[in-house]
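Here are the chains, one letter per residue:
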Amino acid sequence: MEKIIEVCHLQKFFGENEVLKDINFSVSKGEVVCIIGSSGSGKSTLLRCLNLLEQPTSGEILYHGQNILEHDMSNAVYRAKMGMVFQQFNLFNNLSVLENCTVGQIKVLKRNLQEAKKTAMEYLELVGMSGFIDARPHQISGGQKQRVAIARALSMEPEALLFDEPTSALDPEMVGEVLKVMKSLAGSGLTMLVVTHEMSFARDVAHRVVFMDGGIIAEEDTPDVIFNNPKNERTRIFLKRILDN
Amino acid sequence: MVVDANSSFFQWVIYIIQNYWPLFLRGAEVTLIISLTGTIIGFTIGILIGIIRTIPIDNNTHILKRAVYKVVNVLLLIYIEVFRGTPMIVQAMVVFYGVAMIWGIHLTTFVAGIFIVSINTGAYMAEIVRGGIISIDKGQFEAAHAIGMTHAQTMAYIVLPQAIRNILPALSNEFVINIKDTSVLNVIGVTELFFQSKSAAGNNYRYFEVFLITCLVYLVMTFTVTRILRYFEKRLEGPDVYTIHGSQTVPEAEIKIVGRQ
Ligand SMILES: Nc1ncnc2c1ncn2[C@@H]1O[C@H](COP(=O)(O)OP(=O)(O)OP(=O)(O)O)[C@@H](O)[C@H]1O
Ligand SMILES: [Mg+2]
């Protein structure tokens, strides 16, 4: 399978604090990879490095074999290829739902308004938010916001979509609607990298589960192995703690 | 109407209004033009400085760029401190006579007035705009960067519209302050409302009556401007109602929803 991203010896320090220690892994086209692990293990930091929201201290991030940390590729061009969905949604507060999904297409991809609206409507339809194009972010619920945020990311037609705990800030009754959208995206062949505490999502949807612990990838395998037959003791302890709740 | 030293207070007031209203009007006009223009130019200065002072600089930024940025930042800080830390009446004197002496440029008092109010307002607005930009949630920047927007695009389309909306009350406030504070420009002979009042009062040796009228004119201006700006602030908050567009099953369905916060 064609590798979209390959991470080699990635290291990230925040001051003295080594948050990512020699991370190696890759994501292939069409793959759904879930990243699990306890709080503070560096999951968000890894995802943010992949989108260059954080600058890695050392190591390589290869995008189709090309190291994006060497400055021969513009950060903006690369970021447009890596969609990101945040825990806090981060919809643009000054723009309507539709404008949230068109502004990037127009300003970054240089699409015309007509084309941008058409694409945006397609994806808003997909997440079930096409009725709300005139609403402002503060006028819709958390689950709706996150669905719009997914449509916004999809409107850029990225090669891969990174999710950082997309349901963690939601009221329980809204988690389902967002997971449903994510499941259908996974089914459609989108390349997804999902940091999540939703173990059932990881078990049902992921092709591969990555368990992070203390800034390293402690174990990575199919959901079946990770959940039923983990090889690493720490994976076992983590899952036992999570699943007992 | 004829008045003399024995005329009552009201007779004097009426006399002055009847004979000097064009003077008050012209004074008020000059006051409004200078304070409005000065506020707009000052706001523009403030936005530019606010943008420059919030450019993200980190260890990955080229060393030369960092050095230039440092120097510019220090210069801007000096400007802000000097103009916020000295009275406008003194600034007016220094600028008006200084420009003439050092560069041999003789500004008309009107142009000098606009210039002084602009740079004075700019110094205040620079800090207000910077505060406005800083107060925007970091997530807004990150989401914009994440879809590939450059810093400039993020500022132009996402952050500044929000920041400016948040600082509109401060801008209105600055405008009202300027309407009042342009009165200090009389020291360099700008023919604004206070200057005109002084000459009307001097002509008749009637200071109380004249300045009471002046007072009222200022109040009408500031009150009106405050109301108008408040109206626009409200309008800019956008409608608190949106329309749900027809679903596929009921194409004609349009439901209005009252916004929740
Ligand atoms: N900007 C930052 N500056 C300094 N330290 C940071 C910063 N961001 C994260 N850290 C630290 O890095 C470590 C890893 O954080 P990270 O957010 O990646 O963890 P996480 O696995 O996503 O945790 P959670 O499940 O709580 O989201 C933590 O110890 C955190 O305090
Ligand atoms: Mg996290």
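Refer to the structure presented above.
Notes on the structure follow. Bear in mind that the values here come from a model prediction, so they are computed numbers and not experimental data.

**Examining unusual backbone geometry**
All names here are of chain A.
Part 1 of the argument: In this structure, L52 takes a positive phi of about 65 degrees despite not being glycine.
Part 2 of the argument: If you trace the backbone, L52 turns up in the loop between α1 (43-50) and β4 (58-63).
Part 3 of the argument: We classify L52 as buried; its relative accessible area is 5%.
Part 4 of the argument: The backbone phi angle of H64 is positive, close to 50 degrees, even though this residue is not glycine.
Part 5 of the argument: Along the chain, the position of H64 falls in the loop between β4 and β5 (66-67).
Part 6 of the argument: For H64, a relative accessible area of 35% corresponds to the partly exposed category.

**Some details on the side chain of B:S118**
Residue and element names in this part refer to chain B.
Part 1 of the argument: Within the fold, S118 resides in helix α4 (residues 109-134).
Part 2 of the argument: The exposure class of S118 is buried, given its relative accessible area of 4%.
Part 3 of the argument: Dropping the residues within four chain positions of it, S118 is found in contact with T37, G38, I41, G42 and I45.

**Observations regarding the packing of helix α5 (residues 138-146) of chain B against helix α6 (residues 151-181) of chain B**
All names here are of chain B.
Part 1 of the argument: One way to put it is that α5 packs onto α6 with a least axis distance of 10 Å and a crossing angle of 140 degrees. Between α5 and α6, the crossing angle belongs to the class labelled oblique. Once α5 is placed against α6, the crossing between them reads as right-handed. Residue-level inspection shows Q140, F141, A144 and H145 of α5 in contact with α6, the latter providing H151, T154, M155, I158, V159 and Q162.
Part 2 of the argument: Tallied by class, the residues present in the contact of α5 with α6 amount to five nonpolar, five polar and no charged.

**Description of the site of ligand 1**
Residues and elements named next belong to chain A.
Part 1 of the argument: Around ligand 1, a shell composed of F14, V19, S38, S39, G40, S41, G42, K43, S44, T45, E165 and H197 is seen.
Part 2 of the argument: S39 places a side-chain nitrogen or oxygen 2.5 Å from an oxygen atom of ligand 1.
Part 3 of the argument: One nitrogen or oxygen atom from the side chain of E165 is found 3.2 Å from an oxygen atom belonging to ligand 1.
Part 4 of the argument: Taken by itself ligand 1 offers 640 Å² of open surface, and the protein chains cover 59% of this.

**Here's the deal with the interface of chain A and chain B**
Part 1 of the argument: On the side of chain B, 29 residues touch chain A, which itself brings 33 residues to the contact.
Part 2 of the argument: Of all residues in chain A, A:F92, A:N94 and A:Q139 bury the most surface against chain B, accounting for 23% of the area lost on that side.
Part 3 of the argument: Linking chain A with chain B are one salt bridge, by the criterion used here.
Part 4 of the argument: A:R48 is the partner of B:E142 in a salt bridge, and the nearest nitrogen-oxygen pair spans 2.7 Å.

**Structural notes on the packing of helix α1 (residues 9-53) of chain B against helix α2 (residues 63-84) of chain B**
Residues and elements named next belong to chain B.
Part 1 of the argument: One way to put it is that α1 packs onto α2 with a least axis distance of 10 Å and a crossing angle of 140 degrees. Considering the angle they form, α1 stands oblique to α2. Between α1 and α2 the crossing geometry is left-handed. Listed contacts from α2 to I45, I49, I52 and R53 of α1 are Y69, V72, N73, L76, L77, Y79 and I80.
Part 2 of the argument: Looking at the contact of α1 with α2, its residues break down into nine nonpolar, one polar and one charged.

**A closer look at the sheet that holds strand β2 (residues 17-28) of chain A**
Consider a sheet: its strands pair through backbone hydrogen bonds, and that pairing is either parallel or antiparallel.
All names here are of chain A.
Part 1 of the argument: An order of β2-β1-β4-β5 is seen for the four strands of this open sheet, with the pairing classed as antiparallel. Edge positions in the sheet fall to β2 and β5, since each has one partner strand and no second.
Part 2 of the argument: The pairing of β4 with β5 spans two bridges and is antiparallel. Bridged to L62 within β5 is N67.

**Details of the environment of A:C101**
Residue and element names in this part refer to chain A.
Part 1 of the argument: Here C101 shows up in helix α3 (residues 97-107).
Part 2 of the argument: Accessibility expressed as a relative area gives 1% for C101, which makes it buried.
Part 3 of the argument: Once the C-alpha coordinates of C101 and E165 are considered, the two residues, 64 residues apart in sequence, prove to be 21 Å apart.
Part 4 of the argument: Once residues within four sequence positions are removed from consideration, C101 is found in contact with A120, L124, V148, A151, R152 and S155.

Reading the values: rules and limits
- Residues numbered from 1 in each chain as written.
- Chains lettered and ligands numbered in written order.
- Predicted model: local features only at pLDDT ≥ 70, side-chain atom pairs only at ≥ 80, totals over all residues.
- Heavy atoms only, no water.
- Helix = DSSP H or I, 4+ residues; strand = E, 2+ residues; numbered from the N terminus.
- Buried < 20%, exposed > 50% of the residue type's maximum accessible area, 1.4 Å probe, protein only.
- Contact = heavy atoms within 4.5 Å.
- Axes fitted to C-alpha atoms, helices over the stretch in contact; angles between N-to-C directions.
- Parallel < 35°, antiparallel > 145°, perpendicular 65-115°, else oblique.
- Left-handed = near helix turned anticlockwise from the far one by under 90°.
- Nonpolar A, V, L, I, M, F, W, Y, C, P; charged D, E, K, R; others polar.
- Near = heavy atom within 4 Å.
- Polar contact = N/O pair within 3.5 Å; in protein donor to acceptor, adjacent residues only side chain to side chain.
- Areas by Shrake-Rupley, 256 points an atom, 1.4 Å probe, with all protein chains shown as cover.
- Buried area = accessible area lost by both parts, 1.4 Å probe.
- Salt bridge = Lys/Arg side-chain N within 4 Å of Asp/Glu carboxyl O.
- Pairing = 2+ DSSP bridges.

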